[in-house]
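# Structure assessment
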Amino acid sequence: SSHFGPRPDLLPHPLAGFRQTRARATGVMGRDDSRDRSRRRSRSRKDSRSPSPRDGGGKKKPDDYGVDTMKITDDDAAFILGKGGKTKEKISRVSEAEIELFERDLILEFRGSKMQRRRAKKYAEGVMAQRTGPVMINSDFDDDDLTMLQVPQEAVGFVTGRAGNFLRTIEEEWTTLMFFCEVGSGSRNRDYEKLAIFGSVRGRRGAELKVLSAVETKVPGYYSKIKDEVVDRDRGRDQTGTWGTDTMTFQDDELSYALGKQGGTRKKLEKSSGAIVQYVGHNALFSGTRTQRKRAREYMKWLFEQLEGPVYVDGWQERDDCTVIEVPADCIGYVTGARRAALGGIEEDWGVLMFFMNRRSERGRAEELIICGPQRARRGAELKVMSSVETKSPGTFTRGVREKTSSEKGFDTDRMIFKDDELSYALGKEGSTRKKLEGAAGAILQYVGHVAFIAGTLKQRKRAKEYVSWLLAQRRGSVTITNVSSRDDSTEMHIPENCKGWVTGNRGSELRRMETETGTYMFMALDERGEERLIIFCHDAGSKSAPKGRMAAERLVNEMIQEKLRDDGGRGGGGRDSRSPSRGRRDSRDRR
């Protein structure tokens with residue numbers, strides 16, 4: 001059996017770090033979240049709660065869905081919550097269970113399938129055990145969710161990072177839970193520390209390779225000692241049964257090219273192929289399903305072939321991971337940008353691989369740009385390129401184009417045609433309105449000339465079109481929206497009459513600020529009775545602690561209402577003039 005526990009001379013994250021950051025974390029909570037905390041304290045388990053976003057808006061629950069509870073101490077509660085509730089959220093994400101902490105009763109509640117609840121409980125116990133020292137773990141601790149990695153002693157501090165920050169970043173990126181532990185009955189191998197990584201096959205692999213990459217820079221040659229164990233780990237243990245790892249070896253000059261500026265090329269290969277791509281020393285490791293690994297290797301080969309000259313992908317028409325778009329010769333420089341900045345930006349935004357391909361003999365009026373990656377990402381990148389070309393050469397993609405509405409339930413593209421005065425309004429300053437509607441609807445919304453291309457599933461496309469039509473209708477006056485209660489993308493809020501001007505701000509500036517902060521779309525609209533209320537639209541319901549989504553926007557609006565009511569109360573209803581003196585206070589809250 002292993003027992004888990006922090007090294008006193010190190011600060012292994014996140015759990016060992018808790019011991020030293022606890023006073024600070026609870027101090028912050030006491031100061032910043034005192035209102036929130038007192039509100040939570042007074043809640044009992046009988047209180048009604050808004051459904052957790054894990055319900056996924058009516059997603060079918062597993063057959064063995066159930067509820068488990070666990071009694072904890074007051075000190076444990078602070079640990080489980082973590083700063084701003086982040087630790088609880090992390091345990092919930094990794095275990096895929098819903099977790100609720102009832103502080104008044106000091107009870108932790110886990111909801112989900114039997115395995116989700118078991119894992120959530122196990123992770124919570126691991127976190128709490130770190131507070132008091134090592135915890136004994138028996139052999140059945142691994143529910144197909146654990147990778148144990150030996151880290152050389154001299155690399156432990158480097159891998160942990162300052163106050164556990166490096167491990168925390170990896171946990172965030174790969175949805176894992178990680179901490180150092182001791183093995184055996186107290187006897188410690190001084191040369192190595194064991195790092196426990198919990199999560200899915202893919203998450204654990206991504207985290208493990210990132211750690212190994214860091215270790216190799218600190219202890220060159222370490223990977224070669226454990227190579228076989230690493231490469232063979234979890235082989236075939238995913239749903240497709242084809243999970244595995246392939247490797248390649250680079251020379252010095254090849255490595256920097258394959259890595260790219262700030263690792264940009266590696267990230268691009270990883271996103272476009274769907275495989276985990278990581279470099280450990282001079283070795284490239286590709287982990288994923290058989291298809292993902294094959295794509296990663298092909299994309300890498302095309303990258304290196306470009307150093308020799310133009311590359312043409314024969315048979316791209318038969319592939320399901322490629323889109324080709326013809327770019328007029330006079331637009332190529334504009335689409336590419338100086339030192340490839342424009343094309344590189346699109347690749348980064350959408351997670352695709354793009355390059356112009358031509359056979360050596362061909363140099364015509366147009367060149368073919370190939371886009372490699374998943375369907376949605378390819379379409380987003382393609383529409384962005386079309387938008388750029390259309391700016392430079394109007395009519396290339398829009399001549400004779402009509403409106404189109406598809407009834408396809410899956411991924412497809414609809415078109416809306418704007419009148420001249422509508423386009424700039426629907427675009428917004430530097431495209432801010434377009435991006436806002438796109439994010440809130442969860443669809444791809446791109447303007448190619450005066451044509452709006454809307455790509456996504458039927459639900460996403462329908463949502464985006466509604467949002468655009470409401471936006472344009474607002475220019476003509478109040479918009480009436482009925483049956484909001486039957487929608488799964490909206491939250492209604494009734495704003496007190498004396499707070500409306502304060503909540504919306506000058507020409508809607510406060511609403512815009514809150515929209516940007518939370519990724520939502522908000523406006524005042526009339527209901528069937530002609531009464532005005534605020535509606536928050538977004539495909540993402542959000543959660544109690546997530547900074548994005550409808551719940552986050554609702555919190556911000558409620559804060560503004562409370563602030564206005566406090567101000568008015570203090571001055572006996574000072575009307576709208578009370579807005580300016582309080583601006584500074586709200587700004588400071590935003591910074592917090």
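Position numbers for residues count from 1 along each chain, tracking the sequence in the order it is written. In keeping with the predicted nature of the model, local features appear solely for residues at pLDDT of at least 70, side-chain atom pairs appear and are counted solely at 80 or more, and the whole-chain, interface and lining totals rest on all residues. Side-chain metrics rest on all non-hydrogen atoms present in the structure, leaving aside hydrogens and water.

### Here we look at the confidence of the model for the protein chain
Confidence scores per residue from the predictor, reported as pLDDT, run from 0 to 100. Looking at the protein chain, pLDDT values average 85 and 83% of them are 70 or higher. The model gives residues 1-58 a pLDDT under 50, and that stretch makes 136 contacts with residues more than four places away or in other chains. Here, residues are in contact when the closest pair of their heavy atoms is within 4.5 Å.

### Description of the pairing of strand E20 (residues 532-537)
With five of six residues buried, E20 is to be regarded as a mostly interior element. At least two bridges found by DSSP between two strands are what make those strands a pair. Runs of E in the DSSP output that reach at least two residues are strands. Runs of H or I that reach at least four are helices, and both are numbered from the N terminus. Where strand E18 (residues 490-493) lies against E20, four bridges are found, and the strand directions are antiparallel. Directly across from Met493, in E20, lies its bridge partner Leu534. As paired elements, strand E19 (residues 521-526) and E20 share six bridges and run antiparallel to each other. Bridging from a neighbouring strand, Phe523 pairs with Ile535 of E20. Residue burial is assigned from relative accessible area. The probe radius is 1.4 Å, only protein chains are included, and a residue is buried under 20% of its type maximum, exposed over 50%, and partly exposed in between.

### Examining helix H17 (residues 432-441)
With respect to burial, H17 is a largely interior element, seven of its 10 residues being buried. Of the positions making up H17, those classed as buried are Thr433, Arg434, Lys436, Leu437, Glu438, Ala440 and Ala441. Contacts made by the buried residues of H17 are with helix H16 (420-427), strand E16 (444-448), helix H18 (458-473), helix H20 (509-518), E19 and E20.

### As for the nonpolar core
By nonpolar core is meant a set of buried Ala, Val, Leu, Ile, Met, Phe, Trp, Tyr and Cys residues that side-chain atoms within 4.5 Å join together. One finds Val151, Val159, Met178, Leu195, Val211 and Leu212 to be the most contacted residues of the largest nonpolar core, which totals 29 residues. Elements represented by at least two residues in this core include exactly strand E6 (146-152), helix H6 (153-160), helix H7 (165-174), strand E7 (177-183), strand E8 (192-198), helix H8 (201-218), helix H9 (222-232) and strand E10 (276-280). Of all the elements, H8 adds the most residues to this core, at seven residues. If you look at the next biggest cluster of nonpolar residues, it comprises 27 residues, including Leu108, Tyr123, Ala124 and Leu146.

### A look at the pairing of strand E17 (residues 451-456)
On any regular strand, side chains alternate: one points to one face of the sheet, the next to the other face. The buried count for E17 comes to six of six residues, which makes it a mostly enclosed element. Side chains of E17 alternate between two faces, with Val451, Phe453 and Ala455 and Ala452, Ile454 and Gly456 buried alike. Direction of pairing for strand E15 (residues 412-417) relative to E17: antiparallel, over a ladder of six bridges. Across the sheet, the residue bridging to Thr413 is Ala455, located in E17. Pairing between E16 and E17: five bridges, direction antiparallel. Paired with Gln446 across the strands is Phe453, a residue of E17. Connecting E16 to the next strand, E17, in antiparallel fashion are two residues, including Gly449 with a positive phi near 65 degrees.

### As for the packing of H17 against H18
Between H17 and H18, the shortest axis-to-axis distance is 9 Å and the interhelical angle comes to 140 degrees. By the criterion of interaxial angle, the relationship of H17 to H18 is oblique. Where H17 crosses over H18, the handedness of that crossing is right-handed. Residues Thr433, Leu437, Ala440 and Ala441 of H17 pack against Gln460, Arg463, Ala464, Tyr467, Val468 and Leu471 of H18. Class assignment of the residues belonging to the contact of H17 with H18 gives a composition of seven nonpolar, two polar and one charged. Axes here refer to lines fitted to C-alpha atoms; in helices the fit is confined to the stretch in contact. Angles between the N-to-C directions go from 0 to 180 degrees. The scheme is simple: roughly parallel for angles under 35 degrees, roughly antiparallel for over 145, roughly perpendicular for 65 to 115, oblique for anything else. Take the far helix as the reference: if the near one is turned anticlockwise from it by less than a right angle, the crossing is left-handed, and if turned clockwise, right-handed. Three classes are used, and their members are as follows: Ala, Val, Leu, Ile, Met, Phe, Trp, Tyr, Cys and Pro are nonpolar, Asp, Glu, Lys and Arg are charged, and the others, Gly among them, are polar.

### Structural notes on the packing of aromatic side chains
Whether two aromatic rings pair depends on their centres lying within 6.5 Å, for rings of Phe, Tyr and Trp, where Trp uses its six-membered ring; planes under 30 degrees apart make the pair stacked, over 60 edge-to-face, and the rest tilted. Applying the stated criterion across every chain yields a total of 17 aromatic pairs. Pairing Tyr123 with Phe198 gives two aromatic rings, centres 5.4 Å apart and planes at 50 degrees, and the pair type is tilted. Here Tyr123 is found in helix H5 (residues 114-132), whereas its partner Phe198 is found in strand E8, with 75 residues between them in sequence. Owing to a relative accessible area of 2%, Tyr123 belongs among the buried residues under this scheme. Residue Phe198 is classed as buried on the basis of its relative accessible area of 1%. Centroid distance Phe250 to Tyr279: 5.7 Å. Interplanar angle 90 degrees. Geometry classified as edge-to-face. With Phe250 in the loop between strand E9 (244-249) and helix H10 (252-259) and Tyr279 in strand E10, this pair connects stretches of sequence that are 29 residues apart. As far as the burial class goes, Phe250 and Tyr279 line up, both buried. Through a chain of ring-to-ring contacts, three or more aromatic side chains come together here, namely Tyr467, Trp470, Tyr521, Phe523 and Phe537. Just above the ring of Phe158 sits the side chain of Lys218; from NZ or CZ to the centre is 5.5 Å. Charge over a ring is defined by NZ of Lys or CZ of Arg lying within 6 Å of the ring centre and within 35 degrees of the ring normal. The side chain of Arg475 reaches across the aromatic face of Tyr425, ending 5.5 Å from its centre.

### Remarks on the pattern of salt bridges
Criterion for a salt bridge: a side-chain nitrogen of Lys or Arg within 4 Å of a carboxyl oxygen of Asp or Glu. Per the counting criterion, the structure on display carries 48 salt bridges. A salt bridge links Arg118 to Asp143; its shortest N-O distance comes to 2.8 Å. Of this pair, Arg118 sits in helix H5 while Asp143 sits in the loop between strand E5 (135-137) and E6, and the two are 25 residues apart along the sequence. Its relative accessible area of 39% is what places Arg118 among the partly exposed residues. With a closest N to O distance of 2.8 Å, Asp145 and Lys122 form a salt bridge. One end of the pair, Asp145, is in the loop between E5 and E6; the other, Lys122, is in helix H5, with 23 residues separating them in the sequence. Assessed through its relative accessible area of 0%, Asp145 is described here as buried. One continuous salt-bridge network, built from bridges that share partners, spans Lys294, Arg295, Glu298, Arg319, Asp320 and Asp321.

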